[in-house]
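# Coordinates in review
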Amino acid sequence: QIQLVQSGPELKKPGESVKISCKASGYTFTDYAMHWVKQAPGKGLKWMGWINTYTGKPTYADDFKGRFVFSLEASASTANLQISNLKNEDTATYFCARSVGRYYFDYWGQGVMVTVSS
Amino acid sequence: DVQMTQSPSYLAASPGESVSISCKASKSISNYLAWYQQKPGEAYKLLIYSGSTLQSGTPSRFSGSGSGTDFTLTIRSLEPEDFGLYYCQQYYEKPLTFGSGTKLEIK
């Protein structure tokens, strides 16, 4: 069955970096784009952007340009999200989600809680 | 950006009742709207796409309607397992945007 399994929770200090992984299984990884979505505590969902899993080209939403990097380990069917120079406002749960067609999401990862605190 | 206004933010209903959740877009998005459900400890689940098309596995008591700017998710004859959070999402244009969510509690 199709699964997106994300890495475990992270506790980081401001200024540090974090890398979150999303391992896909049950389908051909390069056939579907992978998106990243942020959910801050008590807040709604915010789309961060997506990565073309065939070409590796990332596209970032405006609020996520600069400190955020989407990458792939295609041989391992894994998408990664790296956040550098962490800030308190990066505290959130980060989801990967597979998109279908014109970018709705038919499978989601379970989410990774990233806590940034000094 | 397309703003998605979802209401109500909270809903409580008894099993067997019907409920509706509204999602309004700040501009016409044709039928490029999806609905998701999240239960505690579980991954988000796609319920409906293209405004009214049920995703495989979505129970038939769920239905979606609307086009343009106004959309509705209706759950008929609520089951206890329908509690959770519901979100709408437009995919007419980027940035993709979501409604603010509706928490459905079962009385």
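In what follows, the structure referred to is the one given above.
Every value quoted in this text rests on a predicted model; they were computed, and no experiment measured them. (Residues numbered from 1 in each chain as written. Chains lettered and ligands numbered in written order. Predicted model: local features only at pLDDT ≥ 70, side-chain atom pairs only at ≥ 80, totals over all residues. Heavy atoms only, no water.)

## Considering the overall build of chain A
Our working rule: The way it works is that DSSP assigns letters per residue, a run of H or I at least four long becomes a helix, a run of E at least two long becomes a strand, and they are numbered from the N terminus. When we talk radius of gyration, it's over C-alpha atoms, and the globule rule is simply 2.2 Å times the number of residues to the 0.38. To sort residues, take the accessible area from a 1.4 Å probe on protein chains only and compare it with the maximum for the residue type: under 20% means buried, over 50% means exposed, and anything in between is partly exposed. Any two residues whose heavy atoms approach within 4.5 Å are treated as being in contact. Values of accessible area rely on a 1.4 Å probe in the Shrake-Rupley scheme; residue burial ignores everything except the protein chains shown. In this tally, Asp and Glu contribute negative charge and Lys and Arg positive charge; neither His nor the terminal groups of the chain are included. The atoms used to mark charge sites are NZ of Lys, CZ of Arg, CG of Asp and CD of Glu.
Looking only at helices and strands, chain A features 0 helices and 11 strands. Each helix (α) and strand (β) of chain A, taken in turn from the N terminus, gives the series β-β-β-β-β-β-β-β-β-β-β. For a compact globule of 118 residues, the expected C-alpha radius of gyration is about 13 Å, and chain A comes in at 13 Å, within 12% of that figure. Its C-alpha atoms give chain A principal-axis dimensions of roughly 40 × 25 × 25 Å. In chain A, buried positions account for 47% of the 118 residues. Within chain A, counting contacts between residues at least 6 apart in sequence, those at least 24 apart form 51% of the total. For chain A, the accessible surface area stands at approximately 5,500 Å², while carbon and sulfur atoms represent 47% of it. Of the side-chain charges in chain A, 13 are positive and 9 negative, and the distance between the mean point of each set is 2 Å.

## A short note on unusual backbone geometry
Excluding glycine, residues mostly have negative phi values, and the peptide bonds linking residues are mostly trans. Residue and element names in this part refer to chain B. Cis geometry is adopted by the peptide bond preceding Pro 8, which originates at Ser 7 and carries an omega value of -5°. Of note, the phi angle at Ser 50 is positive, near 50°, even though the residue is not glycine. Locating Ser 50 in the fold gives a position in the loop between strand E5 (45–49) and strand E6 (53–54). Take Ser 50: its relative accessible area is 24%, and that puts it in the partly exposed class.

## Structural notes on the packing of aromatic side chains
Short version of the rule: Under the pairing criterion, centres of Phe, Tyr and Trp rings, with the six-membered ring standing for Trp, must be within 6.5 Å; the plane angle then separates stacked pairs below 30 degrees from edge-to-face pairs above 60, leaving the rest tilted. Only Lys NZ and Arg CZ are tested; either one counts as a charge over a ring when it is within 6 Å of the ring centre and within 35 degrees of the ring normal.
For the structure on display, the rule yields 19 aromatic pairs over all chains. Summarising the aromatic geometry, the rings of Phe 95 of chain A and Tyr 44 of chain B are spaced 5.2 Å apart at their centres and angled 85° between planes, so their arrangement reads as edge-to-face. With Phe 95 of chain A in strand E9 (residues 92–100) and Tyr 44 of chain B in the loop between strand E4 (33–38) and E5, this residue pair bridges two chains. As far as burial versus exposure is concerned, Phe 95 of chain A and Tyr 44 of chain B are alike and both buried. Among the aromatic residues, those joined into a ring-pair cluster are Phe 95, Phe 105 and Trp 108 of chain A together with Tyr 36, Tyr 44, Tyr 87 and Phe 98 of chain B. Directly above the ring of Phe 83 of chain B sits Lys 39 of chain B, whose terminal nitrogen or CZ lies 5.8 Å from the centroid.

## Notes on the sheet that holds strand E7 (residues 62–67) of chain B
Sheets are built from strands paired through backbone hydrogen bonds, the pairs being either parallel or antiparallel. Residues and elements named next belong to chain B. The line we're drawing: When DSSP finds two or more bridges between two strands, those strands count as paired. Only the stretch in contact is used when a helix axis is fitted, and all axes are lines through C-alpha atoms; the angle between N-to-C directions ranges over 0 to 180 degrees.
Spatially, 4 strands are ordered E1-E3-E8-E7 in an open sheet, and the strand pairing comes out antiparallel. Both edges of this open sheet fall to strand E1 (4–7) and E7, since each of them pairs with a single strand only. Neighbour-to-neighbour, the strand axes of this sheet turn through a mean angle of 15°, independent of strand direction. As defined by bridge partners, E7 adjoins strand E8 (residues 70–75) across 6 bridges and the pair is classed as antiparallel. Of the residues in E8, the one forming a bridge with Ser 65 is Thr 72.

## Considerations on the pattern of salt bridges
Using the following cut-off: Throughout this description, the term salt bridge denotes a Lys or Arg side-chain nitrogen within 4 Å of a carboxyl oxygen of Asp or Glu.
Taken as a whole, this structure holds 9 salt bridges over all chains when the rule is applied. Residues Arg 67 of chain A and Asp 90 of chain A are paired through a salt bridge, measuring 2.8 Å at the closest nitrogen-oxygen approach. Here Asp 90 of chain A lies in the loop between strand E8 (78–83) and E9 and Arg 67 of chain A lies in the loop between strand E6 (58–60) and strand E7 (68–73), a separation of 23 residues in the sequence. Note on Asp 90 of chain A: relative accessible area 2%, which makes it buried. We note a salt bridge from Arg 61 of chain B to Asp 82 of chain B, for which the minimum N-O separation is 2.7 Å. One end of the pair, Arg 61 of chain B, is in the loop between E6 and E7; the other, Asp 82 of chain B, is in the loop between E8 and strand E9 (84–90), and 21 residues separate them in sequence. One salt-bridge network, in which partners are shared between bridges, spans Arg 61, Glu 81 and Asp 82 of chain B.

## With respect to the interface of chain B and chain A
Filter applied, for reference: Accessible area that two parts lose when put together, evaluated with a 1.4 Å probe and summed over both, is termed the buried area. In protein, a polar contact requires one atom able to donate a hydrogen and another able to accept it; more generally it is a pair of N or O atoms within 3.5 Å, and residues adjacent in sequence count only if both atoms are side-chain atoms.
Between chain B and chain A, the contact holds 17 residues from the first and 18 residues from the second. For the pair chain B and chain A, the summed buried surface comes to about 1,700 Å²; carbon and sulfur atoms form 66% of the total. Three residues, Tyr 44, Leu 96 and Phe 98 of chain B, lead the burial of chain B against chain A; their summed loss comes to 36% of the area buried on that side. At the junction of chain B and chain A, the tally comes to 0 salt bridges. Across the contact surface, chain B and chain A share 4 residue pairs in polar contact (both at pLDDT 80 or more). Elements that contribute at least two residues to the side of chain B that touches chain A include exactly E4, E5 and E9 of chain B.

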